[in-house]
Amino acid sequence: MKVTMFHFMPYRDLPEDFPGKLPSAWVDTPWWQYGDANKVTDYYNWSIDELMLAARLGFDAIGTNEHHQNPYGFMCNPNLFGATLAKLTNDQGLDQVALLQLGATISSSPPVRLAEEYAVIDCLSGGRLIAGLPTGLGNDVSVSNGITPMEHRERWREGVDFILKAWTAKEFFAWNGKYTQLPKVNLWPRPVQDPHPPVVIPGAASSSTWDYCHDRNFPYAYLSYFGGKSAYNVLDRFWDRAAAKGRDANPYRASFLQIVGVAETDRKAEETFAKHVEYFYHKLLHLPLYYINPPGNADYKSLLNILMSGTNMLQIGDFTTDLKPLKARDMIEKEFVVVGSPATVRDKLEAMAKRLNIGHLMVALQFGSMPHALANQNIELFAREVLPHLQKLWEDQPWENHWWPKKLRKRPVRQPELATA
Amino acid sequence: MGTTAIVKTIPVRHCNFEAKVKTAGSGPPLVYLHAAGGPIWDPFVEGLCEHYTVYAPHHPGTGETARESIHSVGSLWDLVLIYEEIFDALNLKSVPVIGTSFGGMMACEFAAHRPERVSKMVVLDPIGLWRDDAPVAPYMLMPPERLVATLYKHLDSPPVRAALQMPSDPKDVAVVTADLVWALGATGKFVWPIPDKGLNKRMHRIKAPTLIVWGEDDALVSSIYAKEFAARIANSQIEIIKDCGHVPQVERLEILKPMVEKFLSA
């Protein structure tokens, strides 16, 4: 299995009484009341250092993404950070690490700019880019960037088609699209990877995205904060659709994101991470459904499906779940988060990966209010005690990972260097 | 309520849209344009049917139209041209048009595009203009209970309770809810994220004598907008209905009905 250290770059010092009466941590949290640019200087630097530590300790990839107008994560353009990480990994001789951009939101930026930026990262890193092509959340695309919800998916589809063509065309071409019109396209630079960097489609749980992936043989990354158990329903249906579309069950078609905290014992882990778990779910994920899915965002069929199946579609938890009454203990028990001793975390993640049939796991080892030193500890312990074990998963199977940078595919499992950071 | 409504299908060449127009009543023709939540055949429309043959087109993607049809209607201009084709197909040469909220904006857009086709106009709490000091409430970004509280002043009044009545079968509730959300998205396509899409520049073309009606306590679009509409429509008059929210046809039908009838028959 390929394991990525994924970072949201959150605001780590919201006050105890946050969010109070604020309707949402997204868009509605006044910067002038809660934000401190000097703290953000530290957050960005720490976050980059945490990702670089993971790179040194043997993770297969390091990952960033895009969100707007909120303290949950404020990489407004993940490619700023991807480019930084490309250069830093080059300079530190870490050219075995892939750069997972999960990624730049297609629907709300000019696709020609995104094609260029991804090409820049691929060139700068010497062909280590994995290009995430996310549809994006309504709160980012429509609320923060003003894109009409009814046009959100159409824009995304056209943007993806444009980017793939701009990367690969061996002639000038005109693009007379609905949302992009360019009479002469001739992208400079082009990616190093031929014909183009591997792509991955991150999504919430929209059935239309699964078919889109299978039709094009693209892998899918299920981004949820509600753990492996809540994902059964989603990944099972993803694999059902794969079979229906004549695709094999190659686990590398699927990725899953998991929040993880490791300490010496289960008890110590719970004590150590509880408040950061609660900070994440109670403060940062204070995100109402009416922002995630403004009317027109979900297609009519998906909308009706969701409404017909009742509120708690994923049984264990989803964005309709009221998180506020849940304590860290509840979230550990429901496995929204995987928190425990190295053995516990290993077992849970391995069982989850097998049950979901995923070949890519993304772990968030800094989350919520977790301070820099604790994040480093978490990354180190995970890298030493959990990572090598997980990386062996699927190795005894004949599956090939077609969705990883070519030059990094044959890499043997590395023994992590013990860090001094 | 006495009138038997039928739904006419009108193939529109523009955008290949298959239009659906609900029709009932007898008498001279009148066009009714519904609000952002989709077509509703309420007692106000029923009342209009007593004196008029009411034509109520369904916005693309709502009511009886194909849900996906909204994707073929790219712009506000497309939508206005679709209305023109519908008027042509129904042989409506010069008729009164009533529009409520989003429908009020569309009535103004159409009356500005083809001033000679609208003989009189009534707009009920229309959107379509913007003042920074009185922003239109973000009605597409609200939980249901806040949306309802934004629409109505008296949630407990019998007509409001009747308007909010949900079906008893949960499956029907799911369909009604999906239709409502989709209607907000399908109409929202032409007003997102701020309902100020140039009507301001076009309204001077409107010739129809216009009645501008507003609920005094409208929390979705403030009644101070009545003056803004009146200032841009040459032959217009304002009626403010006291103790009333965004939907006078539900909350104050007893006042609105004679007011509109008097204006149209004058």
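Keep in mind the model is a prediction, meaning the values are calculated, not measured.

S.K.: How do you make sense of the overall build of chain B when you look at a structure like this?
M.R.: Tallying secondary structure elements over chain B gives 10 helices and 8 strands in all. A globule of 266 residues ought to have a C-alpha radius of gyration of about 18 Å, and chain B, at 17 Å, matches this closely. Taking the principal axes of the C-alpha coordinates as reference, chain B spans close to 40 × 40 × 40 Å. Counting across all 266 residues of chain B, residues that qualify as buried make up 48%. Looking at chain B alone, contacts between residues at least 24 apart form 72% of all its contacts between residues at least 6 apart.

S.K.: It is not clear to me how the overall build of chain A should be interpreted in this structure. Could you clarify?
M.R.: Secondary structure summary: chain A contains 15 helices and 11 strands in total. Principal axes of the C-alpha set define a box for chain A whose edges measure 60 × 50 × 50 Å. Long-range pairs, those at least 24 residues apart, make up 78% of the contacts in chain A with a sequence separation of at least 6.

S.K.: Explain the interface of chain B and chain A here, please?
M.R.: By a widespread convention, an interface's size corresponds to the accessible area lost as its parts come together. If you look at the interface, chain B gives 22 residues, while chain A gives 19 residues. Partitioned by chemical class, the residues of the side of chain B that touches chain A number 14 nonpolar, 5 polar and 3 charged.

S.K.: Would you take a moment to explain the nonpolar core for this structure?
M.R.: Counting residues in hydrophobic clusters, the biggest one holds 197 residues, and the most contacted among them are Phe59 and Ile62 of chain A. Examining the composition of this core, we find that 8 residues originate from one element, helix α3 (residues 102–113) of chain B, more than from any other. Dropping the residues within four chain positions of it, Ile62 of chain A is found in contact with Thr4, Met5, Leu51, Ala54, Ala55, Leu85, Val97, Leu99 and Leu100 of chain A.

S.K.: Help me understand helix α7 (residues 207–216) of chain A in this model?
M.R.: Residues and elements named next belong to chain A. Listed in full, the buried residues belonging to α7 are Thr209, Trp210, Tyr212, Cys213 and His214. Contacts from the buried residues of α7 go to β7 (199–203), β8 (220–222) and α8 (227–244). Backbone geometry just after α7 places Asn217 at a positive phi near 60°.

S.K.: Quick question: what am I supposed to make of the environment of Val21 of chain B here?
M.R.: Mapped onto the elements, Val21 of chain B comes out in strand β2 (residues 18–25). Linking Val21 of chain B and Glu64 of chain B, residues 43 residues apart in sequence, is a C-alpha distance of 8.4 Å.

S.K.: I keep staring at the pairing of strand β5 (residues 95–100) of chain B and nothing clicks. Help me out?
M.R.: It is a general feature of regular strands that their side chains alternate between the two faces of the sheet. Residues and elements named next belong to chain B. β5 sits mainly inside the fold: 6 of its 6 residues count as buried. Both β5 and strand β6 (residues 118–124) contribute to a ladder of 5 bridges, which runs parallel. In the strand pairing of β6, Val97 is matched with Met121. Crossover handedness for the path β5 to α3 to β6: right-handed.

S.K.: I would appreciate a short explanation of the pairing of strand β6 (residues 181–185) of chain A in the present structure.
M.R.: Residues and elements named next belong to chain A. Counting buried positions along β6 gives 0 out of 5 residues, so the element sits mostly on the surface. Across 3 bridges, the pairing between strand β5 (residues 173–176) and β6 is antiparallel. Looking at the pairing, Asn176 lines up with Gln181 of β6. Connecting the antiparallel pair β5 and β6 is a turn made up of 4 residues.

S.K.: What am I meant to see in the packing of helix α4 (residues 111–124) of chain A against helix α6 (residues 152–168) of chain A here?
M.R.: If you want to describe how two helices pack, look at the angle between their axes and the distance between the axes. Residues and elements named next belong to chain A. Running from N to C, α4 and α6 cross one another at 50°; their axes reach a closest spacing of 9 Å. By the angle between their axes, α4 is oblique relative to α6. When you trace α4 past α6, the crossing you get is right-handed. Residues Pro111, Val112, Leu114, Ala115 and Ala119 of α4 pack against Gly159, Phe162, Ile163, Ala166 and Trp167 of α6. Looking at the contact of α4 with α6 residue by residue, the class counts come to 9 nonpolar, 1 polar and no charged.

S.K.: For this particular structure, what's the right way to read the environment of Asp236 of chain A?
M.R.: Residues and elements named next belong to chain A. Tracing the chain through its elements places Asp236 in helix α8. We classify Asp236 as partly exposed; it has 13 C-beta atoms within 10 Å. As a C-alpha pair, Asp236 and Arg355 span 119 residues in sequence and 9.2 Å in three-dimensional space.

S.K.: What is the right way to read the sheet that holds strand β8 (residues 236–241) of chain B from this model?
M.R.: Picture the strands of a sheet paired through backbone hydrogen bonds; they go either parallel or antiparallel. All names here are of chain B. Pairing in this open sheet of 8 strands is mixed, and the strands run β1-β2-β4-β3-β5-β6-β7-β8 from one edge to the other. Edge strands, defined here as strands with exactly one partner in the open sheet, are β1 (6–11) and β8. Direction aside, neighbouring strands of the sheet carry axes that sit 20° apart on average. Examined bridge by bridge, strand β3 (residues 29–33) and β5 share 3 bridges and lie parallel to one another. Note that in β5 the partner of Val31 across the bridge is Val97. The sheet strands contacting helix α2 (residues 76–89) are β1, β2 and β4 (53–57), and the helix crosses β2 at an angle near 50°. Running over the sheet, α3 touches β3, β5 and β6 and is turned about 145° from β5.

S.K.: What should I look at first to understand the confidence of the model for chain B in this one?
M.R.: Caution applies to low-pLDDT parts of the model: their predicted coordinates are not meant to be read in detail. Summary statistics for chain B give a mean pLDDT of 97 and a share of 99% for residues scoring 70 or more. We note a pTM of 0.94 for the whole complex and an ipTM of 0.94 for its interfaces.

S.K.: Looking at this structure, how should I read the packing of helix α2 (residues 37–56) of chain A against helix α3 (residues 78–91) of chain A?
M.R.: Residues and elements named next belong to chain A. Where α2 meets α3, the axes come as close as 11 Å, and the angle between the chain directions of the two elements is 45°. Classified by the angle their axes make, α2 and α3 are oblique. You can see that α2 and α3 cross each other, and the crossing is right-handed. For the pair α2 and α3, contact is made by Ile48, Leu51, Met52 and Ala55 and by Phe81, Thr84, Leu85, Leu88 and Thr89, respectively. Within the contact of α2 with α3, the residues separate by chemical class into 7 nonpolar, 2 polar and no charged.

S.K.: Teacher, can you tell me more about the environment of Ala37 of chain A here?
M.R.: All names here are of chain A. Structurally, Ala37 can be placed in helix α2. The exposed category is assigned to Ala37, around which 7 C-beta atoms lie within 10 Å. Separated by 228 residues in the primary sequence, Ala37 and Thr265 place their C-alpha atoms 37 Å from one another.

S.K.: Could you clarify how one ought to interpret unusual backbone geometry in this entry?
M.R.: Where the residue is not glycine, phi is negative for most of them; where a peptide bond is considered, it is trans in most cases. Trp188 of chain A connects to Pro189 of chain A through a cis peptide bond whose omega is -10°. Turning to its location among the elements, Pro189 of chain A is positioned in the loop between β6 and β7. Looking along the chain, the bond that leaves Asp194 of chain A and enters Pro195 of chain A is cis, with omega of 5°. Summarising the element assignment, Pro195 of chain A is placed in the loop between β6 and β7. Positive phi outside glycine occurs at Gln69 of chain A, with the angle close to 50°. By the element assignment, Gln69 of chain A lies in the loop between β2 (61–64) and α3. Within the chain, Asp125 of chain B stands out as a residue other than glycine whose phi angle is a positive 45°. Locating Asp125 of chain B in the fold gives a position in the loop between β6 and α4 (144–151).

Rules used throughout
Residues numbered from 1 in each chain as written. Chains lettered and ligands numbered in written order. Predicted model: local features only at pLDDT ≥ 70, side-chain atom pairs only at ≥ 80, totals over all residues. Helix = DSSP H or I, 4+ residues; strand = E, 2+ residues; numbered from the N terminus. Rg over C-alpha atoms; globule rule 2.2 N^0.38 Å. Buried ≥ 20, exposed ≤ 12 C-beta atoms within 10 Å, placed from the backbone. Contact = placed C-beta atoms within 7 Å. Nonpolar A, V, L, I, M, F, W, Y, C, P; charged D, E, K, R; others polar. Core = buried A, V, L, I, M, F, W, Y, C linked by C-beta atoms within 7 Å. Pairing = 2+ DSSP bridges. Right-handed = clockwise from strand over helix to strand, strands pointing away. Axes fitted to C-alpha atoms, helices over the stretch in contact; angles between N-to-C directions. Parallel < 35°, antiparallel > 145°, perpendicular 65-115°, else oblique. Left-handed = near helix turned anticlockwise from the far one by under 90°. pLDDT = per-residue confidence, 0-100.

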